[in-house]
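Residues per chain, in single letters:
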Amino acid sequence: MRQMDRYPFIFAIVLFLLAWMLGLPVRAQSAPLEDIHCTLVQDSQSGETLYQDGECDKRVSPASTFKVPLALIGYDAGILSDQHTPSWDYKPEFKAAKRDQKTVDPTVWERDSIVWYSREVTRRLGAEKFASYVSKFGYGNKDVSGDAGKDNGLTQSWINSSLEISPVEQTAFLRQLLAGKMPVSAKAHEMTRAILPTFPAGDWTVQGKTGSTRLGQDGKRSLGWFVGWAEKNGRRVVFARLVVDAKRTDKPKGLATRAAFLKDLPQLVK
């Protein structure tokens, strides 16, 4: 190796050692830099894998799929009451996109994926209870600390931040939700299942939640989730589809991920 070639390598080591000596956080990235694609379909009762394609054990940000466990938390804690209560008005300090500047209830929250409503739920819950619920759920890596040094875990941890989950963990969580075995009230289970949006997919009736964000500090990697369950003729399956790549789209990637899965499902599971 030529001497000049060593400089970048030596410089990287020096930076790492300085960060370590100064106590600065050096967080490992759970997801690799390459593209991630996974489609996982399992029987909701037995857990038998009916279809699997791609890497399904890589953890990434849950993005708005976190609204599913957050609904369980909100109902169990008494912050949410039913499908349409509470109904909260938008406030300018929420600084939301124009489409989200409206009055929102739990059903609209899940349907339109309203981030400011999620943050109002977690603010009312408080950091200690929030972390306790996520830990009890065993949700992904259970890390709700948020961005390093920003003290924003209560409002940001599930969006391109500290909290991460894999497709395999998503379907395991969904199976527990459908079986009524999460450590929350029966009402919380019932109401969460009731407010998730419903979609047709051939002969299947699908309930699920999308998730969209951009990963990393540069935001160059687009993430799209669609997770939920589907029923047909008394049969029920849970599913998770994840797409992470460098393709930029005008619309949230979760919407395209959902559309593709709804089209594919009838061929994936007969």
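Reading the values: the criteria
Residues numbered from 1 in each chain as written. Predicted model: local features only at pLDDT ≥ 70, side-chain atom pairs only at ≥ 80, totals over all residues. Heavy atoms only, no water. Helix = DSSP H or I, 4+ residues; strand = E, 2+ residues; numbered from the N terminus. Buried < 20%, exposed > 50% of the residue type's maximum accessible area, 1.4 Å probe, protein only. Disulfide = S-S within 2.5 Å. pLDDT = per-residue confidence, 0-100. Contact = heavy atoms within 4.5 Å. Lys, Arg positive; Asp, Glu negative; His and termini not counted. Salt bridge = Lys/Arg side-chain N within 4 Å of Asp/Glu carboxyl O. Polar contact = N/O pair within 3.5 Å; in protein donor to acceptor, adjacent residues only side chain to side chain. Phe/Tyr/Trp six-rings, centres within 6.5 Å; stacked < 30°, edge-to-face > 60°. Lys NZ or Arg CZ within 6 Å of the ring centre and 35° of its normal. Arc of directions from axis to C-beta. Core = buried A, V, L, I, M, F, W, Y, C linked by side-chain atoms within 4.5 Å.

## Quick word on unusual backbone geometry
Piece 1. For the bond from T85 to P86, the omega torsion is 5°, close enough to zero to count as cis.
Piece 2. Tracing the chain through its elements places P86 in the loop between α2 (67-76) and α3 (106-112).
Piece 3. In this structure, A63 takes a positive phi of about 50° despite not being glycine.
Piece 4. Within the secondary structure layout, A63 lies in the loop between β2 (49-54) and α2.
Piece 5. Of note, the phi angle at K95 is positive, near 50°, even though the residue is not glycine.
Piece 6. Mapped onto the elements of the fold, K95 is located in the loop between α2 and α3.
Piece 7. Relative accessible area serves as the criterion here: at 74%, K95 is assigned to the exposed category.

## Looking at the state of the cysteines
Piece 1. Applying the stated criterion across every chain yields a total of one disulfide.
Piece 2. For C38, the disulfide goes to C56, at an S-S distance of 2.0 Å. Note on the C38 and C56 pair: the S-S dihedral is about 100°, so by sign convention the disulfide is right-handed. Residue C38 is found in strand β1 (residues 36-43), and its partner C56 is found in the loop between β2 and α2; the two are separated by 18 residues along the sequence. C56 carries the same exposure label as C38, and that label is buried.

## Topic: the confidence of the model for the protein chain
Piece 1. Predicted confidence across the protein chain gives a mean pLDDT of 90, with 87% of residues reaching 70 or more.
Piece 2. Ignoring residues within four places in sequence, the model shows residues 1-5, a span with pLDDT below 50, making one contact including any to other chains.
Piece 3. This model gives residues 23-32 a pLDDT under 50, and the stretch forms 16 contacts once residues within four places in sequence are excluded.

## Thoughts on the side chain of K67
Piece 1. With respect to the helices and strands, the residue K67 is situated in helix α2.
Piece 2. Among buried Asp, Glu, Lys and Arg side chains, K67 stands out as unpaired, with E110 the closest opposite charge at 6.8 Å.
Piece 3. At a separation of 2.8 Å, a polar atom in the side chain of K67 contacts the side chain of S64.
Piece 4. Ignoring sequence-local partners within four residues, the contact set of K67 consists of W109, E110, S113, I114, V115, S118 and K209.

## Details of the pattern of salt bridges
Piece 1. Applying the stated rule across the entire model yields ten salt bridges.
Piece 2. Here R111 ties to D112 by a salt bridge, and the two come within 2.8 Å at their closest N and O atoms.
Piece 3. With a closest N to O distance of 2.6 Å, R123 and E120 form a salt bridge. Here R123 pairs with E120, and both are found in helix α4 (residues 115-125), just three residues apart, close to one helical turn.
Piece 4. Classification of R123 as partly exposed rests on a relative accessible area of 45%.
Piece 5. Ionic contacts of the salt-bridge type, sharing partners, join the residues K102, R111 and D112 into one network.

## Describing the packing of aromatic side chains
Two aromatic rings, taken as a pair, are described by how far apart their centres are and by the angle between their planes.
Piece 1. In the structure shown here, the tally under the stated rule is 17 aromatic pairs.
Piece 2. With 4.3 Å between their ring centres and 25° between their planes, F239 and F261 make a pair best called stacked. You can see F239 sitting in strand β6 (residues 235-245) and its partner F261 sitting in helix α9 (residues 253-268), a full 22 residues away along the chain.
Piece 3. Assessed through its relative accessible area of 0%, F239 is described here as buried.
Piece 4. Clustering of aromatic rings is evident, with ring pairs tying together F66, F130, Y133, F137, Y139, W158 and F173.
Piece 5. A cation sits over an aromatic face here: R124 above W88, 4.1 Å from the ring centre.
Piece 6. Here K136 stacks its cationic end above the ring of Y133, 4.7 Å away from the centre of that ring.

## Considerations on helix α5 (residues 127-137)
Piece 1. Here α5 has its buried residues at F130, Y133, V134 and F137. Angular distribution of buried residues about the axis of α5 spans 95°; they occupy a single face of the element.
Piece 2. Lining the buried residues of α5 we find α2, α4, α6 (153-156) and α7 (167-178).
Piece 3. Positive phi shows up at G138, right after α5, with a value of about 60°.

## As for the nonpolar core
Piece 1. Core analysis: the largest hydrophobic core is formed by 52 residues, its most contacted members being W109, Y117 and F137.
Piece 2. Elements that contribute at least two residues to this core include exactly α2, α3, α4, α5, α7, α8 (186-195), β5 (221-232) and β6.
Piece 3. For this core, the element with the most residues is α2, which contributes six residues.
Piece 4. Not counting chain neighbours up to four residues away, the residues in contact with F137 comprise P69, L72, I73, F173, M182, P183 and V184.
Piece 5. Grouped together as the second largest cluster of nonpolar side chains are 14 residues, A201, F239, F261 and L265 included.

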